[in-house]
Amino acid sequence: MSLENNRTLNILRKAEAEGYGILAQTCYDANCVIGLVRAAERCRSPAIIQMFPVTLAFGKGPWLQFCLNAAHEASVPIAVNLDHATDPEHLELALSLAEQGIAFDSIMVDASHAETDEENIALARPYVERAEKCGIAVEVELGRLEGGEAGLRMISDAKLTRPEKAREFMEGTGARVLAPSIGNLHGSYINPPNFRQDILKDLQATFKGSIPLCLHGTDELPDELFKECIKNGISKININSWGRDPYAKKLAEGLQHKPFPDAVKEATKVFEGVCERFFNLFGSAGKA
C-alpha cells in the first residue's frame, strides 16, 4: 500500500517545511485522547496521539479503534502512533490488527537494543516491510538512548547517532522517520541536558524534505531547548510525563471528594492545558 497519503508523514512533512514542531503526546486512557483532540481543535493545531505497547496490549483492537476514530474524525489533522515497539509480541499485535483493518498511522520499530547498526537493520527491516504493506509509516532509532519508561526496556549504555551512517541506515531499514540519539535520555535528567545540536544539523542537511526527525527524551527540558531542536530539524516531539503526571495528580485529588464525572472533567482540563502549552511553544497552533 502506498504511503502517499499517510497521516503521520503528511503532518510531519508540512511541519518540517514550515519550521514548527508536532506534539506527539502519550495517552494512557480515553480521557487523555479526548483532551488532546479538544486542545488541538481549539488551537487549530495538528497533533499525534501516541501510546506505548503496554497500553495497546491492555486495550487491543477496541482501544486502538477508539483512538483512530477520535483522531481521524477531528477537525484538524491528527495521527495515531505506537511508540517504542520493541518486543516481537507487541509488533505482532500491532501488525496483525493492521492486517484486520485496524491500523496505526505509524509505529516505531525500536531495535536500538541491537549491538550493531547491521543487527538493528536486520531486526527492523522485516517489520518495516510488513507495516508498509498496511500503509503504516515506520520510525526507527539510530544509536541508543539511556533510560526507560512505562513498561519499556531499561537501557544503560547510550550510543550517539553518527550522521555519516544515517543515510545507509535509513536505506537499510526502509523506515520513513528517524529518532536520533543526541544526548537525550528517557526519564529524568540527573545533570542538565547537553544535546549535540551539531548532530541534528548534520541530519537536517542530509534528510531535509525526505526523512522527518523525532525527539525522544523530553522530560524536564527547558523551553529554549525545544525551540533550538525544532530550528535544527526536529519535527516530531514525543511528550509523556509533562501531561501524564499533572493529569494523574488532579484525577487522584478529585476522586477523594468529588463525583467521578467531575473529577474526570477537571483532570482532563489539566491535560488539555498541557497540550495547549506545547502547541504554542512548538509553533503548531494555527497551522491546521
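The structure this text deals with has already been given above.
Residues numbered from 1 in each chain as written. Predicted model: local features only at pLDDT ≥ 70, side-chain atom pairs only at ≥ 80, totals over all residues. Heavy atoms only, no water.

Draft legend 1. How the structure looks around the overall build of the chain. The helix and strand inventory of the chain stands at 10 helices and 10 strands. In terms of overall size, the chain behaves like a compact globule, its C-alpha atoms giving a radius of gyration of 18 Å where 288 residues would be expected to give roughly 19 Å. With respect to the three principal axes, the spread of C-alpha positions in the chain is 55 × 45 × 35 Å. Looking at the chain residue by residue over its 288 residues, the buried ones come to 56%. Sequence-distant contacts, at least 24 apart, represent 75% of the contacts inside the chain between residues at least 6 apart. Of the roughly 12000 Å² of accessible surface on the chain, a fraction of 53% belongs to carbon and sulfur atoms. (Helix = DSSP H or I, 4+ residues; strand = E, 2+ residues; numbered from the N terminus. Rg over C-alpha atoms; globule rule 2.2 N^0.38 Å. Buried < 20%, exposed > 50% of the residue type's maximum accessible area, 1.4 Å probe, protein only. Contact = heavy atoms within 4.5 Å. Areas by Shrake-Rupley, 256 points an atom, 1.4 Å probe, with all protein chains shown as cover.)

Draft legend 2. Looking closely at the packing of helix H6 (residues 163-173) against helix H7 (residues 197-207). The interhelical angle for the contact between H6 and H7, taken along N-to-C directions, is 40°, at an axis separation of 9 Å. Overall, the two elements H6 and H7 adopt an arrangement that is oblique. For the element pair H6 and H7, the recorded crossing hand is right-handed. Residues Pro163, Ala166, Arg167 and Met170 of H6 lie in contact with H7, whose contacting residues are Ile199, Asp202, Leu203, Thr206 and Phe207. For the contact of H6 with H7, the per-class residue count stands at six nonpolar, one polar and two charged. (Axes fitted to C-alpha atoms, helices over the stretch in contact; angles between N-to-C directions. Parallel < 35°, antiparallel > 145°, perpendicular 65-115°, else oblique. Left-handed = near helix turned anticlockwise from the far one by under 90°. Nonpolar A, V, L, I, M, F, W, Y, C, P; charged D, E, K, R; others polar.)

Draft legend 3. Representation of the packing of helix H3 (residues 53-72) against helix H4 (residues 88-99) within the structure. Between H3 and H4, the least distance of the axes is 10 Å, while the angle of their chain directions is 15°. Classified by the angle between their axes, H3 and H4 sit roughly parallel to one another. For the crossing formed where H3 meets H4, the hand is left-handed. Residues Pro53, Leu56, Ala57, Lys60, Gly61 and Leu64 of H3 form the contact with H4, whose own contacting residues are His90, Leu93, Ala94 and Leu97. A per-class count over the contact of H3 with H4 returns seven nonpolar, two polar and one charged.

Draft legend 4. Molecular detail of H4. In this model H4 runs 16 Å from its N-terminal to its C-terminal C-alpha over 12 residues, within 8% of the 16 Å that 1.5 Å per residue would give. Within H4, the full set of buried residues consists of His90, Leu91, Leu93, Ala94, Leu95, Ser96, Leu97 and Ala98. Check the buried side of H4 and you find it contacts H3, strand E3 (78-85), strand E4 (106-109) and helix H5 (117-133). Just beyond H4, the residue with positive phi is Gly101, at close to 100°. (Expected span 1.5 Å × (residues − 1).)

Draft legend 5. Molecular detail of the pairing of strand E10 (residues 234-239). With respect to burial, E10 is a largely interior element, six of its six residues being buried. With four bridges joining them, strand E1 (residues 22-26) and E10 adopt parallel strand pairing. Paired with Ile22 across the bridge in E10 is Lys236. As defined by bridge partners, strand E9 (residues 213-215) adjoins E10 across three bridges and the pair is classed as parallel. Its bridge partner being in E10, Leu213 is matched across the sheet by Ile234. As for the winding sense of the linkage, the β-α-β connection from E9 through helix H8 (residues 223-231) to E10 is right-handed. (Pairing = 2+ DSSP bridges. Right-handed = clockwise from strand over helix to strand, strands pointing away.)

Draft legend 6. View of unusual backbone geometry. Of note in this structure, Arg44 is not a glycine but carries a positive phi near 55°. If you trace the backbone, Arg44 turns up in the loop between helix H2 (30-43) and strand E2 (47-51). Phi is positive for Glu220, close to 70°, though the residue is something other than glycine. The class of Glu220 is partly exposed, set by a relative accessible area of 49%.

Draft legend 7. Just the pairing of E3, in detail. The element E3 is largely enclosed, with a buried count of eight among its eight residues. Direction of pairing for E2 relative to E3: parallel, over a ladder of five bridges. Across the sheet, the residue bridging to Ile49 is Val80, located in E3. For the segment spanning E2, H3 and E3, crossover handedness is right-handed. As defined by bridge partners, E3 adjoins E4 across three bridges and the pair is classed as parallel. Of the residues in E4, the one forming a bridge with Leu82 is Ile107. Considered for its hand, the β-α-β crossover made up of E3, H4 and E4 is right-handed.

All quantities given are derived from atomic positions and should not be read as evidence of function.
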